[in-house]
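The lines below spell out each chain.
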Amino acid sequence: MAKKIFNKIATRTRMGFFAAIFLLFISFILTFISSKQVSKQGFWIIHTNEVIHDLDNVISFISKAEAGFRGYILTNDNKYIATYNASIKSTDSTLAKLKLITIDNTAQQENLHSLEYLIAKKFLFIKNIKSSLTPGTKFLSSELEGNEEGIANTKNIYVEINSMKQEEIARRNTRSENVSKYSNLIQIFDVISFGIAILLTIYSLIIYNKENKAKIIASHKADKYKEELQERVNQLAKLNTELIELRRLEKYVATGRIARVIAHEVRNPLTNINLACEQLRSEVENENSDLLFSMINRNSDRINQLVTDLLATTRLPELSFSEISINKLIDDTLELATDRIKLNDIKLIKSYDENICPISLDVEKVKIAFLNIIVNAIEAMGENGILEITTKNQDGKCTVRITDNGKGMKKTESDRLFEPYFTTKEKGNGLGLANSHNIIISHKGSISAESEYGKGTSFTVSF
């Protein structure tokens, strides 16, 4: 369910971001196009202003040329002729420039052609006057203007230039309007982009809040499921431990029953063997026969002792209960193994729970049980080992954990650990841990072992 919710939110998030990015991309393209158009129109506005400015310069240069020629006629000063000549050159260069910058405008090219003709006609008139000048010749101002045709030509020049200027001004106004239009479009796209950014931010916050809320809910559910699972695992572990203890108890009871049957079946023949041996010994007297009868009695006693020991490991002992702190009991047990610990240079680490409660048990028998475990640990470690003993008051139980760093056991060996006569030691009889198990069980306690081959073994005893 949580996965489905996350997938749905993720899909919506991706769609929302894709739509927003697409809109921003479109807005960017349109803004870019509008900016290019503004730049283009701005270029043409500058171009138009340049044409208008050059047309004004043509009028100015023509006026300077006329003024320079009048000054020369009136004063006969050559500096006015220089002004006149310079103005004519400036007029020609400006007209050439106008031709170049309006080359893509056919109408203006035609207008320039007409303007060139009128200006050339005017300057030709002035040139004719200049060539006809003799010393002492005087001209009236009206004569310098020329006849009606000359006056009309001058007016036509100004009219043509003004016409061209008006046409360029009209183009400039149109282009200015385009710039304003595209600028407005850019502003609109900027506002749209800003709006999309705000909507995207709001959408992101909404999606994030939903996703975060769903994530928190899913996390809480996962934690709850995890707790329930852990609780069930703990219950299963507890049930499994109880099942192991129950199976071990069943095996213990069955072993005891078998041991008692074997003891009964073995001791009766042994009694008969011993009686027969004694009868034969009384009837036959020689050195060889005494040796054989002694051998028979000695082995018969050995078998009888083995049966007795087996029965001891499977019969619930009679207990004498008294209260004692488990910490003190462990210390008393360690006193019994002090020589072995020092002899093997064992490092002893004790971690006792100071708040551990006193428990009621048969002190001497429990000492035997713990001593068997400690001695086994010392023998498994050899020299320079580490023996760690920990006590805890946990879940209403008094727990003792005895850990060594010895050679450890294989799984097949640890499964048979508490069986009578099972041992991994060369000289062991396999009854020590079986006896410890019997003592712990008789106190309604539990004992278990964890071992890893090559790393050591840990025994846990709980009362």
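Enquirer: Tell me about the overall build of the protein chain, and please be specific about residues and values.
Expert: Along the backbone of the protein chain there are 11 helices and seven strands. The proportion of buried residues among the 463 residues of the protein chain is 33%. Excluding contacts between residues fewer than 6 apart, the proportion of contacts in the protein chain whose partners are at least 24 apart in sequence is 76%. When the accessible surface of the protein chain is summed, it comes to about 29,400 Å², and 57% of that surface belongs to carbon and sulfur atoms.

Enquirer: Let's hear about the sheet that holds strand β6 (residues 446–452): which residues, and what values?
Expert: On the basis of which strands lie adjacent, the open sheet formed by five strands has the order β2-β4-β5-β7-β6 and mixed pairing. In this open sheet, the two strands that pair with only one neighbour each are β2 (347–351) and β6. Mean inter-strand twist for the sheet, computed between neighbouring axes without regard to direction, equals 15°. One ladder, built from seven bridges, connects β6 with strand β7 (residues 456–462); its direction is antiparallel. Counterpart to Ala-449 in the pairing with β7 is Phe-459. Seen against the sheet, helix α9 (residues 363–381) touches β4 (386–394), β5 (397–404), β6 and β7 and runs at an angle of roughly 20° to β5.

Enquirer: Can you tell me about helix α2 (residues 78–101), naming the residues and giving the values?
Expert: Here α2 contains 24 residues, and its C-alpha end-to-end distance of 35 Å stays within 8% of the 34 Å for a straight helix at 1.5 Å per residue. Inspection of α2 places Ile-81, Tyr-84, Ser-87, Ile-88, Thr-91, Thr-94, Leu-95, Leu-98 and Ile-101 among the buried residues, and these make up the whole buried set.

Enquirer: Explain a nonpolar patch on the surface to me, and be specific about the residues and the numbers.
Expert: A surface patch of nonpolar side chains, amounting to about 980 Å² of accessible area, comprises Phe-18, Phe-22, Leu-23, Phe-25, Ile-26, Phe-28, Ile-29, Leu-30, Phe-32 and Ile-33. Following the sequence through the fold, Ile-26 ends up in helix α1 (residues 2–75). Judged by its relative accessible area of 32%, Ile-26 is partly exposed.

Enquirer: Run through the environment of Ile-188, naming residues and quoting values.
Expert: Tracing the backbone shows Ile-188 in helix α5 (residues 148–283). Relative accessible area serves as the criterion here: at 44%, Ile-188 is assigned to the partly exposed category. As for Ile-188 and Thr-31, which are separated by 157 residues in sequence, their C-alpha atoms are 9.0 Å apart.

Enquirer: Could you give an account of a negative patch on the surface, naming the residues involved and the relevant values?
Expert: Among the surface-exposed residues, Asp-223, Glu-227, Glu-228 and Glu-231 lie close enough to one another that they form a single negatively charged patch. Looking at where Glu-227 falls in the secondary structure, it is placed in helix α5. Classification of Glu-227 as exposed rests on a relative accessible area of 57%.

Enquirer: Now, about unusual backbone geometry: what can you tell me, with residues and values included?
Expert: Positioned with a positive phi, Asp-345 is a non-glycine residue whose angle comes to about 55°. You can see Asp-345 is positioned in the loop between α8 (338–343) and β2. With a phi angle near 60°, Lys-444 is a residue other than glycine that sits in the positive phi range. With respect to the helices, strands and loops of the structure, Lys-444 is situated in the loop between α11 (432–442) and β6. Look at Lys-444 and you get exposed, because its relative accessible area is 81%.

Enquirer: Break down the packing of α2 against helix α3 (residues 106–131) for me, citing the residues and quoting the values.
Expert: Angle between the axes and distance between the axes are the two parameters that describe a pair of packed helices. Two elements in contact, α2 and α3, have axes whose closest approach is 11 Å; the angle formed by their N-to-C orientations is 165°. Judged by the inter-axis angle, α2 sits roughly antiparallel to α3. Between α2 and α3 lies a crossing of left-handed hand. Residue-level inspection shows Ile-81, Tyr-84, Asn-85, Ile-88, Thr-91, Leu-95, Leu-98 and Lys-99 of α2 in contact with α3, the latter providing Gln-109, Leu-112, Leu-115, Glu-116, Ile-119, Phe-123, Ile-126, Lys-127 and Lys-130.

Enquirer: Lay out the side chain of His-443 with the relevant residues and their values.
Expert: In this structure, His-443 sits in the loop between α11 and β6. Owing to a relative accessible area of 11%, His-443 belongs among the buried residues under this scheme. With near-sequence residues (within four places) excluded, His-443 lies in contact with Leu-319, Phe-321, Leu-361, Asp-362, Val-366 and Phe-463.

Enquirer: Give me the packing of aromatic side chains: which residues, what numbers.
Expert: Considering all chains together, one arrives at one aromatic pair under this definition. Its end group placed over the ring of Tyr-453, Lys-410 keeps NZ or CZ at 5.4 Å from the ring centre.

Enquirer: How would you explain the confidence of the model for the protein chain if you had to name every residue and give the values?
Expert: Across the protein chain, the average pLDDT comes to 77, with 81% of residues at or above 70. Across the protein chain, the element-wise mean pLDDT spans from 51 in helix α4 (residues 141–145) up to 90 in β5.

Enquirer: Pulling in residues and values, what's your account of the pairing of β5?
Expert: Bridging between β4 and β5 involves eight bridges; their strand directions are antiparallel. Within β5, the residue paired with Thr-390 across the bridge is Arg-401. Turn length for the β4-β5 hairpin, with the two strands adjacent in sequence and antiparallel, is two residues, and the turn residue Asp-395 shows positive phi of about 55°. Judged from the six bridges that link them, β5 and β7 form a sheet pairing that is antiparallel. Counted as the bridge partner of Asp-404 is Thr-457 from β7.

Enquirer: Now, about the nonpolar core: what can you tell me, with residues and values included?
Expert: With 35 residues, the main nonpolar core has Ile-326, Phe-370 and Phe-463 as its most contacted residues. Going through the elements one at a time, α7 (326–336), β3 (359–361), α9, β4, β5, α11 and β7 are the ones with two or more residues in this core. Of the residues forming this core, the biggest block, nine residues, is contributed by α9. Residues within four places of Phe-370 in sequence aside, it is in contact with Ile-326, Leu-329, Ile-330, Thr-333, Val-400, Ile-402, Val-461 and Phe-463. Core analysis: the second largest hydrophobic core is formed by 23 residues, Ile-88, Leu-98, Leu-115 and Met-164 among them.

Cut-offs applied
- Residues numbered from 1 in each chain as written.
- Predicted model: local features only at pLDDT ≥ 70, side-chain atom pairs only at ≥ 80, totals over all residues.
- Heavy atoms only, no water.
- Helix = DSSP H or I, 4+ residues; strand = E, 2+ residues; numbered from the N terminus.
- Buried < 20%, exposed > 50% of the residue type's maximum accessible area, 1.4 Å probe, protein only.
- Contact = heavy atoms within 4.5 Å.
- Areas by Shrake-Rupley, 256 points an atom, 1.4 Å probe, with all protein chains shown as cover.
- Pairing = 2+ DSSP bridges.
- Axes fitted to C-alpha atoms, helices over the stretch in contact; angles between N-to-C directions.
- Expected span 1.5 Å × (residues − 1).
- Patch = residues over 30% accessible without salt bridge, like charges linked within 9 Å, V, L, I, M, F, W, Y side chains within 5 Å.
- Salt bridge = Lys/Arg side-chain N within 4 Å of Asp/Glu carboxyl O.
- Lys, Arg positive; Asp, Glu negative; His and termini not counted.
- Charge placed at Lys NZ, Arg CZ, Asp CG, Glu CD.
- Parallel < 35°, antiparallel > 145°, perpendicular 65-115°, else oblique.
- Left-handed = near helix turned anticlockwise from the far one by under 90°.
- Phe/Tyr/Trp six-rings, centres within 6.5 Å; stacked < 30°, edge-to-face > 60°.
- Lys NZ or Arg CZ within 6 Å of the ring centre and 35° of its normal.
- pLDDT = per-residue confidence, 0-100.
- Core = buried A, V, L, I, M, F, W, Y, C linked by side-chain atoms within 4.5 Å.

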